[in-house]
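Observations on chain architecture
Listed below, chain by chain, are the residues.
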Amino acid sequence: MGKNKKIISRVIPPTEKLEPAWWFAFQENKLLVQAESSRVTVPYRIDFAELRLPVLRQHYLGRLDNRHCYTVELAEGITAPAGMTFEGLRQVYDRMDEDLFWVAGRAVQIIDWDRTHQFCGRCGIRTKLHPTERAKECPQCGLLHFPRLAPAIIVLVERGHEMLLARAHRFPTAMYSTLAGFVEPGETLEEAVLREVKEESGITVKDIRYFGSQSWPFPHSLMIGFTALYESGEIILGDEENIDVGWFSADNLPPLPGKISIARRLIDWFLEKQGKLPGENHRGSPPPFPPPSEGEG
Ligand SMILES: [Zn+2]
């Protein structure tokens, strides 16, 4: 992912709209995309008002490769303009420029945060957008509401040439993925890894090492990836989250998550280490659903 162009995040928009910009428009959590042969892109226009769609809220996001990016929320129930459709992010991830996809993932979180923080959580007064920061401020008590992020650990547990994978109830297919779960208040990331693996599989791990991280905008997770080694224990199917948990090797791979997910990067890292990375045509499923969120999304 390091090779990709990253957005330079800004809050204050340019004073004038003089050149085309990328417009990430959402109706609920569906992105307005336009077809471009077999792929899709987002509207690239000087002003979104050209499309004559009713906009509920708008945020400036910053610049991607020196092009301005905005996100807008559209009213429910309107139909997409000719040649355009509303699609869920999971449905477009493999048909869209990856840099644009990740900006869309950022945009949907900002729209969702604005929509769900219209009123102060302390005193119930209508909030206002902070003029220079990505924050909503209560005019009565001054409480600031920042975009929410829910940190979640995701871990590949190794035992020799095998890795620990689980099939969760929430997965739409027979896919298996690495174990994952939200970090609880008061926990370190390593404690969350130990607890989640123990709860979901009965296994105790050691040698927990940081692997990498990924924004996961469904609805606002930050996935923090780790590798760990098996220490002790037998598999016990834990909490109600999974249908099955088991050890898998390169020779008996189940259907795996899609390439865009950090789960798949962890799995590919493990297979590559053994010289067993399957070819590009190995079956990939759509990215896994996130760990269960705090009741929304
Ligand atoms: Zn307040």
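Here the structure is a predicted model, which means the values were calculated and not measured. For every chain, the first residue of the written sequence is number 1, and numbering continues from 1 onward in sequence order. Since the coordinates come from a predicted model, pLDDT governs what is reported: local features require at least 70, and pairs of side-chain atoms require 80 or more to be given and counted, while whole-chain, interface and lining totals use all residues. The basis for every side-chain value is the complete set of non-hydrogen atoms in the structure, without hydrogens or water.

With that out of the way, let us pick up the packing of aromatic side chains. The relative placement of two aromatic rings is captured by the distance of their centres and the angle of their planes. Between rings of Phe, Tyr and Trp, where Trp is taken as its six-membered ring, a pair exists when centres lie within 6.5 Å; planes separated by under 30 degrees are stacked, by over 60 edge-to-face, and by other angles tilted. Taken as a whole, this structure holds eleven aromatic pairs when the rule is applied. Residues Trp22 and Tyr44 carry aromatic rings whose centres are separated by 4.6 Å and whose planes lie at 40° to one another, so their mutual orientation is tilted. Of this pair, Trp22 sits in strand S2 (residues 21-27) while Tyr44 sits in strand S5 (residues 44-45), and the two are 22 residues apart along the sequence. Chaining the aromatic ring pairs together yields one cluster made of Trp23, Phe48, Tyr60 and Tyr70. Geometrically, a charge over a ring is one whose NZ (Lys) or CZ (Arg) sits within 6 Å of the ring centre while staying within 35 degrees of the ring normal. Positioned over the ring face of Tyr70 is Lys17, at 5.5 Å from the centre of the ring. For Arg159, the ring lying beneath its charged end belongs to Tyr230, and the centroid distance is 5.5 Å. Only DSSP runs of H or I covering at least 4 residues are called helices, and only runs of E covering at least 2 are called strands; the numbering of each starts at the N terminus.

Before going further, it helps to spend a moment on the coordination of the zinc ion. Note that water is not among the atoms considered, so a metal site may appear incomplete; the donors listed are N, O and S atoms within 2.8 Å of the metal, with 3.2 Å applied to Na, K and Ca. Protein-derived coordination of the zinc ion comes from Cys120 (SG), Cys123 (SG), Cys138 (SG) and Cys141 (SG), at a distance range of 2.2 to 2.4 Å. Here the zinc ion binds four donor atoms, and the angle range of 99 to 122° at the metal identifies the geometry as tetrahedral. Here the donor residues for the zinc ion map to a single chain with the spacing C-x2-C-x14-C-x2-C. Relative accessibility thresholds used throughout: buried, under 20% of the residue-type maximum; exposed, over 50%; partly exposed, between the two (1.4 Å probe, protein chains only). You can call Cys141 partly exposed: its relative accessible area is 30%. Four donors are marked tetrahedral only if all angles between them lie between 85 and 135 degrees, whereas four are marked square planar and six octahedral if opposite donors are more than 155 degrees apart and the other angles lie between 65 and 115; the remainder are marked irregular.

Okay, the sheet that holds strand S9 (residues 128-129) next. When DSSP finds two or more bridges between two strands, those strands count as paired. What the three strands build is an open sheet, ordered S9-S10-S11; its pairing is antiparallel. Among the strands making up the open sheet, the edge pair consists of S9 and strand S11 (144-145). Note: strand S10 (residues 136-137) against S11, two bridges, orientation antiparallel. Its bridge partner lying in S11, Lys136 is registered against His145.

A cis geometry characterises the amide bond from Phe218 onward to Pro219, with omega recorded as 5°. Along the polypeptide, Pro219 turns up in the loop between strand S15 (204-216) and strand S16 (221-232). Unusually for a residue other than glycine, Ser37 sits at a positive phi of about 50°. Here Ser37 is to be found in the loop between strand S3 (30-36) and strand S4 (39-41). The backbone phi angle of Arg52 is positive, close to 55°, even though this residue is not glycine. Inspection of the secondary structure puts Arg52 in the loop between S5 and strand S6 (55-64). Residue class for Arg52 comes out exposed when judged on its relative accessible area of 75%.

A 1.4 Å probe that fits but cannot get out identifies a cavity on a 1 Å grid over protein atoms alone, an open set with protein on both sides within 12 Å along at least five of seven lines counts as a pocket, and a residue lines either if it has an atom within 4 Å of a point. Grid points are joined across faces, edges and corners, and a volume is the space filled by probe spheres set on the points. Applying the stated criterion across every chain, the model contains two cavities of 30 Å³ or more. Estimates place the volume of the second largest cavity at around 30 Å³. Taken together, Ala166, Ala168, Arg170, Phe171, Thr178, Leu179, Ala180, Glu200, Glu241 and Asn242 make up the full set of residues lining the second largest cavity. For the lining of the second largest cavity, the secondary structure elements donating two or more residues are strand S13 (162-168) and strand S14 (179-182).

Here helix H2 (residues 98-116) is 19 residues long and its end C-alpha atoms lie 27 Å apart, about the 27 Å a rise of 1.5 Å per residue gives. With 15 of 19 residues buried, H2 lies mostly within the body of the structure. Helix span, as expected, comes to 1.5 Å for every residue beyond the first.

Think of a salt bridge as a Lys or Arg side-chain nitrogen and an Asp or Glu carboxyl oxygen that are within 4 Å of each other. A full pass over the atoms with the stated rule returns 17 salt bridges. Between Arg159 and Glu162 there is a salt bridge; the shortest N-O distance is 3.0 Å. The partly exposed category is assigned to Arg159, whose relative accessible area is 31%. When salt bridges that share partners are traced, they join Arg57, Glu73, Asp112, Asp114, Arg115 and Lys136 into one network.

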